[in-house]
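Here is what each chain is made of, one letter per residue.
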Amino acid sequence: MVLSSHPARMQAEAPTRQLTMLYLLALSTVALLCIVGQLLVQHNIDQQSMDSQLINVAGRQRMLSQKITKLALILQTNPSQSAQNIRTDELRLALNTWELTHQRLLANGTALQPTNRNSPEVQGLFDDVLPHYEAMVFSAHQILLAEANHRLIENFVERLLNHEDAFLQAMESLVAQYQREAEERVSRLHQLEFFLLIMTLIVLALEALFVFRPAVKQLRRTIFALADVQEKLRAEKELVEVTLGSIGDGVITTNAQMNVLWLNPVAEQLTGWNSGEAFGQSIHTIFPLLNEKTREIVANPIEHALLACCIATLPRDTMLIARDGIEVAIDDSASPIRNATGEVIGAVLVFRDVTHERELDRQLTWQATHDPLTGLANRRNFEHRIDLICQGKFGKDHLHALCCIDLDRFKAVNDTGGHRAGDALLCEVAALLKREVRPNDTVARLGGDEFGILLCDCGFEDAAVIAERLLAEVKKLNFAWEEHHFSIGASIGLTPVLPFCNLAEVLHAADTACYVSKHQGRNRVSYASCLIEIGD
């Protein structure tokens, strides 16, 4: 049994792969646009940070220039030596700070925009600021060097004041130009960001038009195809279940671990388990097997089918022990279940109740080997057992004996009471003979009023004793039929049965000995002298 995949799945794979590639391409484009937008935003933030820092530095330059001018004026007008020393130190500190700040403003530092990347307008304004800055720095240094020379201090303070207005105006223009250029850069960045946003929206729209819309259509087709497949599978499953439920055989399916998956109604009835209760349980629990003759456990055929990957059958005389303990004679076979790749994924067990057939077979076998009137073995069965001894089947060292018994005065019973009386007498004699022999001996009706007894594992002397006892018991039998009473007897011929002797000779010797008994006056035992010499 092989389970194959549905072709609808393969039909849906090609367009699905194409749509997947388009979807990934669209997502990659959107992701790239988003990354570019983020980089531009980060650049905008960094540029604004540099612009703001540069503007702050420029503002600090203005404040320091004004502070230097103020300290110079104080040094010019304050005659106190201690006050001049304090102001001189403050002026020196302010001048050093101013020079360092201006170096940051002009240098290619990491925190500010390099001057060589400035616009021509900004660079020109830097060039305009530089002379005034240098003149003011020079004047401040000369004031510090002049010490108490008020005349020199006055001259350099005047020169400092002459350049201060131009420096402040140039710095104002520089800051204003930076602000304008920063606003323009921000505006361009906003425009670029807006452009990227529009491009992202266009990509999303194209994605919706050429990817998602076909994907939705393909998804709908796939869903409808799967629904159709599911409906077909459901119908097929229902058909299989109805078919398996309608047949007269029990069906059990298992997985590769021999756990039960499903039982049809016949299997439920025979095992005593319903499919829901049996689901997931081991097949050995649901389907225990015994040999009806030996009572030994029989291996489950599913185990052999899964291990050997072939069909397995049960041996003869196998019984199923149902859940309620009832024994059911069964005949079954198990086959592996394979998927589309040939892998074994489970097994199916098909079995049927053969109790009636097996009972009928036993009856036919019994009828073929037994006398229907007395229930004793018939001639064919009896001769077959003697032949086994003659062939040495029971060993060459075992001794056996054969009694051939012919009833005396049986005809008088038949003539007086009819065949019914004769049949009743035969049944009583049969019961008497069965009762007087050992369990391993065989009593047979050979025909008419003739009986045979096979004494197994019995020496000839012991056999003679048994024959004499049988003769006495038959003589004591008082048969009554209606108002008549009959006394019968028996003529018995006894012969040994030795291994590897001839069956026909053994039977002829017994018949001859019986014939001798009958012609010597009946009610006696005669021995086959041709096979053994023994006195009467």
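Reading the values: the criteria
- Residues numbered from 1 in each chain as written.
- Predicted model: local features only at pLDDT ≥ 70, side-chain atom pairs only at ≥ 80, totals over all residues.
- Heavy atoms only, no water.
- Axes fitted to C-alpha atoms, helices over the stretch in contact; angles between N-to-C directions.
- Helix = DSSP H or I, 4+ residues; strand = E, 2+ residues; numbered from the N terminus.
- Parallel < 35°, antiparallel > 145°, perpendicular 65-115°, else oblique.
- Left-handed = near helix turned anticlockwise from the far one by under 90°.
- Contact = heavy atoms within 4.5 Å.
- Phe/Tyr/Trp six-rings, centres within 6.5 Å; stacked < 30°, edge-to-face > 60°.
- Lys NZ or Arg CZ within 6 Å of the ring centre and 35° of its normal.
- pLDDT = per-residue confidence, 0-100.
- Pairing = 2+ DSSP bridges.
- Right-handed = clockwise from strand over helix to strand, strands pointing away.
- Expected span 1.5 Å × (residues − 1).
- Bend = angle between axes of the 7 residues up to and from the residue.
- Buried < 20%, exposed > 50% of the residue type's maximum accessible area, 1.4 Å probe, protein only.
- Nonpolar A, V, L, I, M, F, W, Y, C, P; charged D, E, K, R; others polar.
- Core = buried A, V, L, I, M, F, W, Y, C linked by side-chain atoms within 4.5 Å.
- Salt bridge = Lys/Arg side-chain N within 4 Å of Asp/Glu carboxyl O.

S.K.: In this structure, what is going on with the packing of helix H10 (residues 379–390) against helix H13 (residues 503–519)? I would like to understand it.
M.R.: In a pair of packed helices, the angle between the axes and the distance between the axes together describe the arrangement. Two elements in contact, H10 and H13, have axes separated by 9 Å at closest approach and are oriented at 120 degrees. Taken together, the axis directions place H10 and H13 in an arrangement best described as oblique. Note that H10 runs across H13; the crossing there is right-handed. Contacts between H10 and H13 involve Glu383, Ile386, Asp387 and Cys390 from the first element and Leu503, Val506 and Leu507 from the second.

S.K.: Just to check I follow, could you spell out the packing of aromatic side chains for this structure?
M.R.: Geometrically, a pair of aromatic rings is defined through the distance of the ring centres and the angle of the planes. Under the defined criterion, the tally for this structure stands at four aromatic pairs. Taken together, the aromatic side chains of Phe479, Trp481 and Phe486 make up a single cluster linked through ring pairs. Sitting over the ring of Trp273, Arg323 keeps its end group 3.8 Å from the ring centre.

S.K.: When you look at unusual backbone geometry in this model, what are you seeing that I'm missing?
M.R.: Trans is the prevailing form of peptide bonds, just as negative phi is the prevailing case for residues other than glycine. Phi at Asp457 is positive, roughly 50 degrees, even though this residue is not glycine. As for its position among the elements, Asp457 is in the loop between strand S10 (450–455) and helix H12 (460–476). A positive phi angle is found at Glu482, which is not glycine, with a value near 55 degrees. By the element assignment, Glu482 lies in the loop between strand S11 (478–481) and strand S12 (484–487).

S.K.: Whenever I open this one, the confidence of the model for the protein confuses me. Can you help?
M.R.: Atom-level detail of predicted coordinates should not be read off regions where pLDDT is low. Confidence along the protein averages 80 in pLDDT terms, with 84% of residues attaining 70 or more. Put simply, helix H1 (residues 7–77) is where the protein has its lowest mean pLDDT, 68, and S10 is where it has its highest, 94. When the criterion is pLDDT under 50, residues 108–116 qualifies, and its contacts beyond four places in sequence or with other chains add up to 20 contacts. Counting contacts from residues 530–536, a segment whose pLDDT is below 50, to residues more than four positions away or on other chains yields eleven contacts.

S.K.: Teacher, can you tell me more about the pairing of strand S14 (residues 524–527) here?
M.R.: Note on strand geometry: in a regular strand, side chains alternate between the two faces of the sheet. Sheet topology places strand S13 (residues 489–497) next to S14; four bridges connect them, and they run parallel. Counterpart to Ile492 in the pairing with S14 is Val525. With H13 bridging S13 and the parallel S14, this β-α-β connection has left-handed handedness.

S.K.: Quick question: what am I supposed to make of helix H11 (residues 410–436) here?
M.R.: Along an α-helix, residues three or four positions apart point the same way, because every turn accommodates 3.6 residues. In this model, H11 (27 residues) spans only 21 Å end to end at C-alpha, well below the 39 Å of a helix rising 1.5 Å per residue. At Gly417, H11 shows its largest kink, close to 135 degrees. Within H11 the residues assigned to the buried category are Phe410, Val413, Ala421, Gly422, Leu425, Leu426, Val429, Ala430, Leu432, Leu433 and Glu436. Looking at the buried side of H11, the elements it contacts are strand S8 (400–408), strand S9 (442–447), S10, H12, S11 and S12.

S.K.: Teacher, can you tell me more about the packing of H11 against H12 here?
M.R.: Here H11 crosses H12 at 145 degrees, and the two axes come no closer than 11 Å. Considering only the axes of H11 and H12, their crossing is right-handed. Within the contact between the two elements, H11 uses Leu432, Leu433 and Glu436 and H12 uses Arg469, Leu470, Glu473 and Val474. A breakdown of the residues in the contact of H11 with H12 according to their chemical character gives four nonpolar, no polar and three charged.

S.K.: Would you take a moment to explain the pairing of S10 for this structure?
M.R.: Counted residue by residue, S10 has six buried out of six residues, so it is predominantly covered. Because side chains alternate across S10, one face comprises the buried residues Glu450, Gly452 and Leu454, and the other comprises Phe451, Ile453 and Leu455, equally buried. Where S8 meets S10, six bridges bridge the pair, whose relative direction is antiparallel. In the strand pairing of S10, Leu402 is matched with Leu454. Linking S9 back to S10 in an antiparallel pair, the connection comprises two residues, with Gly448 at a positive phi of about 55 degrees.

S.K.: Looking at this structure, I do not really get the environment of Ala509. What am I missing?
M.R.: Of note, Ala509 is situated in helix H13. Among the residues examined, Ala509 registers a relative accessible area of 2% and is labelled buried. Each C-alpha atom of the pair Ala509 and Pro496 lies 9.2 Å from the other, and the pair is 13 residues apart in sequence.

S.K.: Explain the nonpolar core here, please?
M.R.: Side chains of nonpolar character tend, in soluble globular proteins, to be buried together. Ranked by size, the top nonpolar core spans 38 residues in total, and within it Leu433, Phe451, Ile453 and Leu494 carry the most contacts. Where this core is concerned, the elements lending two or more residues are S8, H11, S10, H12, S11, S13 and S14. Considering each element in turn, this core owes the most residues, nine residues, to H11. Once you skip the residues sitting within four places of it in the chain, Leu433 turns out to touch Ile405, Val443, Phe451, Ile453 and Leu470.

S.K.: Is there a simple way to explain the pattern of salt bridges in this structure?
M.R.: Opposite charge on two side chains allows them to pair when their charged atoms are near. In total, this model carries 19 salt bridges according to the counting rule given. Between Lys293 and Asp317 there is a salt bridge, with its nearest N and O atoms 3.5 Å apart. Placement of Lys293 in the loop between strand S3 (289–291) and helix H8 (301–308) and of Asp317 in the loop between strand S4 (312–313) and strand S5 (318–321) is noted, with a sequence separation of 24 residues between them. Judged by its relative accessible area of 16%, Asp317 falls in the buried class. Salt-bridge contacts for Glu383 lead to Arg379; the nearest nitrogen and oxygen are separated by 3.4 Å. Linking Glu383 with Arg379, this pair stays in helix H10, spanning four residues, or about one helical turn. Glu383 gets classed as partly exposed once you look at its relative accessible area, which sits at 24%. Taken together, the shared-partner salt bridges connect Glu292, Arg358, Glu359 and Arg362 into one network.

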